[in-house]
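Structural description and commentary
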Amino acid sequence: DAAVAAELAPLKLDRAIFRTVLAAVDPGPEGAESVSFEVATNPGAPSGPLNRIASGGELSRFLLALKLCLRARGQVLIFDEIDRGVGGATADAVGRRLARLAEGGQVLVVTHSPQVAARAAHHFRVAKQSAGQTTLSRVMRLSADQRTDEIARMLAGDTITPAARAAAQALIEG
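1. Some remarks on a nonpolar patch on the surface
Taken together, the side chains of Val76, Ile78 and Leu108 present a nonpolar region at the surface, about 300 Å² in accessible area. With respect to the helices, strands and loops of the structure, Val76 is situated in strand 4 (residues 76-80). Since its relative accessible area comes to 52%, Val76 is described here as exposed.

2. Points about the packing of helix 6 (residues 144-156) against helix 7 (residues 162-173)
When two helices pack together, their arrangement is captured by the angle between the axes and the distance separating the axes. For the pair helix 6 and helix 7, interaxial distance at closest approach is 8 Å and the crossing angle is 110°. One way to sum up the angle between helix 6 and helix 7 is to call them roughly perpendicular. The hand of the helix 6/helix 7 crossing is right-handed. Here Arg147, Thr148, Asp149, Ile151, Ala152, Leu155 and Ala156 of helix 6 lie close against helix 7, whose contacting residues are Ala164, Arg165, Ala167, Ala168, Gln169, Leu171 and Ile172. Residues belonging to the contact of helix 6 with helix 7 are distributed by class as follows: 9 nonpolar, 2 polar and 3 charged.

3. Quick word on the sheet that holds strand 3 (residues 48-49)
Picture the strands of a sheet paired through backbone hydrogen bonds; they go either parallel or antiparallel. Strand order in this open sheet of 3 strands is 1-2-3, and the pairing throughout is antiparallel. Strands with a single pairing partner mark the edges of an open sheet, and in this sheet they are strand 1 (17-28) and strand 3. In this sheet, strand 2 (residues 31-40) lies alongside strand 1 in antiparallel orientation, the contact comprising 9 bridges. The residue of strand 2 that forms the bridge with Ala24 is Glu33.

4. Focus: the nonpolar core
Ranked by internal contacts, the top residues of the largest apolar core, which has 23 residues, are Leu8, Phe62, Leu64, Phe79 and Leu98. Tallying contributions element by element places helix 3 (residues 56-70) first for this core, with 5 residues. Setting aside anything within four residues of it in sequence, one finds Phe79 in contact with Leu63, Leu64, Lys67, Leu98, Leu101, Val107, Leu108, Val109 and Val110. Formed by 8 residues, the second largest nonpolar core is a distinct cluster that contains Ala118, Ala152, Ala168 and Leu171.

5. Regarding the pattern of salt bridges
Per the stated rule, a full pass over the model turns up 8 salt bridges. A salt bridge links Arg119 to Asp92, with the nearest nitrogen and oxygen atoms 3.0 Å apart. Placement of Arg119 in the loop between helix 5 (114-117) and strand 6 (124-131) and of Asp92 in helix 4 (residues 88-102) is noted, with a sequence separation of 27 residues between them. Both residues of the pair, Arg119 and Asp92, count as buried. The salt bridge involving Arg165 is made with Asp149; its shortest N-O contact spans 2.7 Å. Taken together, the positions of Arg165 in helix 7 and Asp149 in helix 6 put the pair 16 residues apart, joining distant regions of the chain. Classification of Arg165 by relative accessible area gives partly exposed; the value is 35%. With relative accessibility at 28%, the residue Asp149 sits in the partly exposed group.

Here is what the cut-offs are and how they apply
- Residues numbered from 1 in each chain as written.
- Predicted model: local features only at pLDDT ≥ 70, side-chain atom pairs only at ≥ 80, totals over all residues.
- Heavy atoms only, no water.
- Patch = residues over 30% accessible without salt bridge, like charges linked within 9 Å, V, L, I, M, F, W, Y side chains within 5 Å.
- Areas by Shrake-Rupley, 256 points an atom, 1.4 Å probe, with all protein chains shown as cover.
- Salt bridge = Lys/Arg side-chain N within 4 Å of Asp/Glu carboxyl O.
- Helix = DSSP H or I, 4+ residues; strand = E, 2+ residues; numbered from the N terminus.
- Buried < 20%, exposed > 50% of the residue type's maximum accessible area, 1.4 Å probe, protein only.
- Axes fitted to C-alpha atoms, helices over the stretch in contact; angles between N-to-C directions.
- Parallel < 35°, antiparallel > 145°, perpendicular 65-115°, else oblique.
- Left-handed = near helix turned anticlockwise from the far one by under 90°.
- Contact = heavy atoms within 4.5 Å.
- Nonpolar A, V, L, I, M, F, W, Y, C, P; charged D, E, K, R; others polar.
- Pairing = 2+ DSSP bridges.
- Core = buried A, V, L, I, M, F, W, Y, C linked by side-chain atoms within 4.5 Å.

The following block contains the structure:
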């Protein structure tokens, strides 16, 4: 619990309380104990099961904290919009933790957050194209310049300005 709590503060869940609850069950192929996670996300709030208490964004960040504590070298992890519902400094904290998690394995992240995308070792852009009744998804690996432009687009929208490009480069280098 202490290791998870240490990961929660940088993910902007510093006031959350996390508990692992073990309960004896009849011995069987899955063991003799059940494990559940309980949280209280705000001071003075009652604790309860993680999946009922935490919001979607909080749940994603709790999952990331757990993965950081339980990581095994060589793992492949896939996160689909783990940064949803967060912005700014929290998205940056999520991106930094994902990059740390990737040091011992491979982490694939679907994101709309420039702060998270800027922490990637490789950047791909997924685009959907529809023609009649058919929709295709294209996946393109981005060069360094294309990556800067894509992060600038994520920051500023369709019109990429020199200021947006500079901000994107600063995120990548940060």
